[in-house]
Amino acid sequence: MGMLDLRFVRERPDVVARALALKHVEADLPRLLALDAKRREVLAAVEERKAERNRASERVSVLRREIASLEKALAEATGTAAFAARERIQACEDEIAGLISTTRSLGSTIDEQESLLREIDAELASLLLTLPNVPHASVPEGADENDNVVVRSWGTPPSFDFQPKAHWDLGPALDILDFERASKIAGSRFVVNKGAGALLERALINFMLDLHTRRHGYREIFPPFMVNSATMTGTGQLPKFKDDMFHVENTDYWLIPTAEVPVTNLYRDEILAPGSLPVYHCAYSACFRAESGAAGKDTRGMIRVHQFNKVELVKFVPPETSYDELESLVHDAEEVLQLLNLPYRVVLLCTGDMSFASAKTYDLEVWLPGQNRYREISSCSNFEDFQARRANIRFRREPKSKPEFVHTLNGSGLAVGRTAAAIIENYQQADGSVVVPEVLRPYMGGMAYITPGA
RNA sequence: GGAGAGGUACCCAAGCAGGCUGAAGGGGACGGUUUGCUAAACCGUUAGUAGGGGAUAAACCCCUAGCGAGGGUUCGAAUCCCUCCCUCUCCGCCA
């Protein structure tokens, strides 16, 4: 989420209209443009009156001082001098009376115009939020996910000489995933990881964080898992996606749906100093999602749950490099899958399937033998300055130069639960045990196999 | 949770019996003088920002807002009133 530059909308309504069509978004662009014109008209009028009021107030102040000094002089003056002073004082007081009465009526006009302006601003702001980001020129046009483009594939889906099972069968059989008890203590769409299952989850988190911090140059952040409304608004979860999130009753706290929220908001309302870009952050967090619109979808297993773990990658970069940064971000996420030797493909989302805020998005999809299909495991996007404008994150190129909006990017690196599911399914053996990928063994006390009860 | 103190520019800090104070004074930073170099000393500069308008190749100029945030009183608010937020100290409670 985020917003476009009002000036850009004013100057290039054609581009905005095209983006609306490409992303299948409805918005009242003509009304927005009309309000914008109206706003500037009223603003000019109200500011002219304020300037007038300020001049009058200053004049009152000057006159008051003059009166004061005249009164002092009057004490010693006599005859014609005293008479002249009294005359002058009277003239000043008359002028003050006149100034006050005109300024008073000026004030009420200002009040009226300002409240009109507030109404216009409010509607304009909410209309501006209905405009999606403009897709980058390299994004294929298309209606829905069927028009997405597979950019590359890596690895080969394993062939089994037995019928491969889904992780929701394998996990409980190994007693490393417990959906039944999860549903007892919390509800549906939760999972309890046990023994080697818990260890696997923890190992994956550490493995991913180590990879991104030590080899890819990201700085680790461990953020709060609850944030306030201002933060949720900064990255656009509020007000639009209120129902997709969990709210803590009687507080202003919301459970984060992704670490992107706290991490992107770290620099909200800040101007980053020259030389501080690019900033690369990675963050583990639990993610909480209400999945309100997903009834009946992925009800089994840990593909779609209310709480899952994720390692998120977030970048703040100067505008000119953001598309190169997107490519490297995708590679950083891909490397996790390569090192784990999990087959996947990279999909470039078409205009109709990409999110509201994104200018360009690649999805990583991992092969899940149990479902015999690729499933999304990471989504990497360049938001350009769309998020930064809303969250007001800027930077300076030189100590004296004008602040500019940064470009923000983020991507999962990766969704941990889905990665665990992919490992369980891709590394399953005929006897129901699971081979532990080489790179994870150091993180699991050397464990090479997950066997029942491990 | 109880009690107190406080939020002013890059930092510290004065102003708070309303008016040439959008802000004294330090520090820092930047520029200059001096100097073989450095240091010191001296001089100068230093709200940044947002919005609107004007001029333009640009530099620039004008207006408005802005002293934690939002309201109110007033001709006029950093200054008076109300609400909220945050920070610090002490006590209590805890991991």
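Residue positions are counted from 1 within each chain, in the order its sequence is given. All chains are assigned letters beginning with A, and all ligands numbers beginning with 1, in the order in which they are written. Side-chain atom pairs in this predicted model are given and counted only at pLDDT of 80 or more, local residue features only at pLDDT of at least 70, and totals for whole chains, interfaces and linings cover all residues. Derived side-chain values reflect all non-hydrogen atoms in the structure, with water molecules and hydrogen atoms excluded from consideration.

1. Regarding the sheet that holds strand β12 (residues 373-382)
Note on sheets: strands pair through backbone hydrogen bonds, and any given pair is parallel or antiparallel. For two strands to be treated as a pair, DSSP must find at least two bridges joining them. Per the convention used, a helix needs a DSSP run of H or I reaching at least four residues, while a strand needs a run of E reaching at least two, with both numbered from the N terminus. Taken in spatial order, the eight strands of this open sheet run β1-β10-β11-β12-β15-β9-β8-β4, and their pairing is mixed. One side of each edge strand has no neighbouring strand; the edge strands of this open sheet are β1 (149-154) and β4 (219-221). Taken pair by pair, the neighbouring strands of this sheet meet at an average axis angle of 25°, ignoring direction. Pairing of strand β9 (residues 307-317) with strand β15 (residues 407-415), which is carried by seven bridges, proceeds in the antiparallel orientation. Across the sheet, Val317 pairs through a bridge with His407, a residue of β15. Seen against the sheet, helix α7 (residues 196-215) touches β4, β8 (279-288), β9 and β15 and runs at an angle of roughly 10° to β9. Throughout, a contact is declared for two residues whenever any of their heavy atoms are within 4.5 Å. Lines are fitted to the C-alpha atoms to define the axes, a helix being fitted only along its stretch in contact, and any angle between axes, read from their N-to-C directions, falls within 0 to 180 degrees. Lying over the sheet, helix α10 (residues 322-339) contacts β1, β8, β9, β10 (344-348), β11 (360-368), β12 and β15, oriented at roughly 5° with respect to β15.

2. Re α10
Taking 1.5 Å as the rise per residue, α10 with 18 residues should run 26 Å; its terminal C-alpha atoms sit 26 Å apart, in good agreement. Of the positions making up α10, those classed as buried are Ser322, Tyr323, Glu325, Leu326, Leu329, Val330, Asp332, Ala333, Glu334, Glu335, Val336 and Leu337. Immediately beyond the C-terminal end of α10, within one or two residues, lies Asn341, with a positive phi of roughly 60°. Multiplying one less than the number of residues by 1.5 Å gives the expected span of a helix. Think of it in three bands: residues with accessible area under 20% of the maximum for their type are buried, residues over 50% are exposed, and the middle band is partly exposed, with areas taken using a 1.4 Å probe on protein chains only.

3. Some details on the sheet that holds strand β14 (residues 404-405)
Read across the open sheet, the three strands follow the order β7-β13-β14; overall the sheet is mixed. The sheet is open, and its two edges are formed by β7 (270-272) and β14, each paired on a single side. Here two bridges tie strand β13 (residues 393-395) to β14, and the two strands are oriented antiparallel to one another. The partner of Arg394 across the bridge, within β14, is Phe405.

4. Considering the pattern of salt bridges
One side-chain nitrogen of Lys or Arg within 4 Å of one carboxyl oxygen of Asp or Glu is enough to make a salt bridge. Within this structure, the stated rule accounts for 27 salt bridges. Across the salt bridge formed by Arg39 and Asp121, the nearest N and O atoms sit 3.7 Å from each other. Taken together, the residues span a long stretch of sequence, with Arg39 in helix α3 (residues 29-76) and Asp121 in helix α4 (residues 79-128) at a distance of 82 residues. The shortest N-O distance in the salt bridge between Asp178 and Lys194 comes to 3.0 Å. One end of the pair, Asp178, is in strand β2 (residues 177-178); the other, Lys194, is in the loop between β3 (192-193) and α7, with 16 residues separating them in the sequence. Judged by its relative accessible area of 7%, Asp178 falls in the buried class. Residues joined in a network through salt bridges with shared partners are Asp175, Asp178, Arg181 and Lys194.

5. Thoughts on the packing of aromatic side chains
Within a pair of aromatic rings, the relevant descriptors are the distance that separates the centres and the angle that separates the planes. Aromatic contacts are taken between Phe, Tyr and Trp rings whose centres are within 6.5 Å, Trp giving its six-membered ring; a plane angle under 30 degrees counts as stacked, one over 60 as edge-to-face, and the others as tilted. Applying the stated criterion across every chain yields a total of 10 aromatic pairs. Relative to Phe162, the ring of Phe160 has its centre 5.2 Å away and its plane inclined at 65°; by these criteria the two rings are edge-to-face. Relative accessible area serves as the criterion here: at 22%, Phe160 is assigned to the partly exposed category. Judged by centre distance (6.1 Å) and plane angle (65°), the ring pair of Phe356 and Phe386 falls under edge-to-face. Residue Phe356 is located in the loop between β10 and β11, and its partner Phe386 is located in helix α11 (residues 386-391); the two are separated by 30 residues in the primary sequence. Summarising the burial analysis for this pair, Phe356 and Phe386 share the class buried. By the ring-pair criterion, three or more aromatic residues cluster together here, those being Phe222, Phe225 and Tyr284. By definition, being over a ring means that NZ of Lys or CZ of Arg is both within 6 Å of the ring centre and within 35 degrees of the ring normal. Between the NZ or CZ atom of Lys315 and the centre of the ring of Tyr280, over which it lies, the distance is 4.6 Å.

6. A short note on the protein's contact with RNA strand B
Among the 22 residues in the neighbourhood of RNA strand B, the closest are listed as Glu47, Ser61, Arg64, Thr103 and Arg104. For RNA strand B, the fraction of atoms within 4 Å of the protein that belong to sugar or phosphate moieties is 70%. Polar contact criterion, stated in full: a pair of N or O atoms within 3.5 Å, where within protein one must be able to donate a hydrogen and the other to accept it, and residues adjacent in sequence count only if both atoms are side-chain atoms. Taking Arg40, its side chain carries an N or O atom lying 3.4 Å from a phosphate oxygen of RNA strand B. With respect to RNA strand B, the side chain of Arg65 contributes an N or O atom lying 3.0 Å from a sugar or linking oxygen. For the surface near RNA strand B, the elements supplying multiple residues, two or more each, are α1 (6-11), α3 and α4. If one sorts the elements of the surface near RNA strand B by residue count, α3 sits on top with 13 residues. Residue composition of the surface near RNA strand B, grouped by class: five nonpolar, four polar and 13 charged. Only heavy atoms are used to decide nearness, and a residue is near a molecule or strand if one of them lies within 4 Å of it. Throughout, the ten residues Ala, Val, Leu, Ile, Met, Phe, Trp, Tyr, Cys and Pro are labelled nonpolar, Asp, Glu, Lys and Arg are labelled charged, and all others, Gly among them, are labelled polar.

7. Here we look at the layout of surface pockets
Looking at the second largest pocket, its volume works out to about 220 Å³. Points on a 1 Å grid, built from protein atoms alone, make a cavity when a 1.4 Å probe fits but cannot get out and make a pocket when they are open with protein on both sides within 12 Å along at least 5 of 7 lines; residues with an atom within 4 Å of a point are the lining residues. Looking at the second largest pocket, the residues that line it are Met3, Leu4, Leu6, Arg39, Asp121, Leu124, Ala125, Leu128, Leu129 and Arg389. When residues in the lining of the second largest pocket are grouped by element, the largest group, four residues, is from α4. Grid points are joined across faces, edges and corners, and a volume is the space filled by probe spheres set on the points.

8. Quick notes on the domain arrangement of chain A
With domains assigned, chain A is organised as domain 1 (28-128) and domain 2 (145-450). The domain boundaries here were taken from an automatic or database domain assignment. Inter-centroid distance (C-alpha atoms) of domain 1 to domain 2 is 57 Å.

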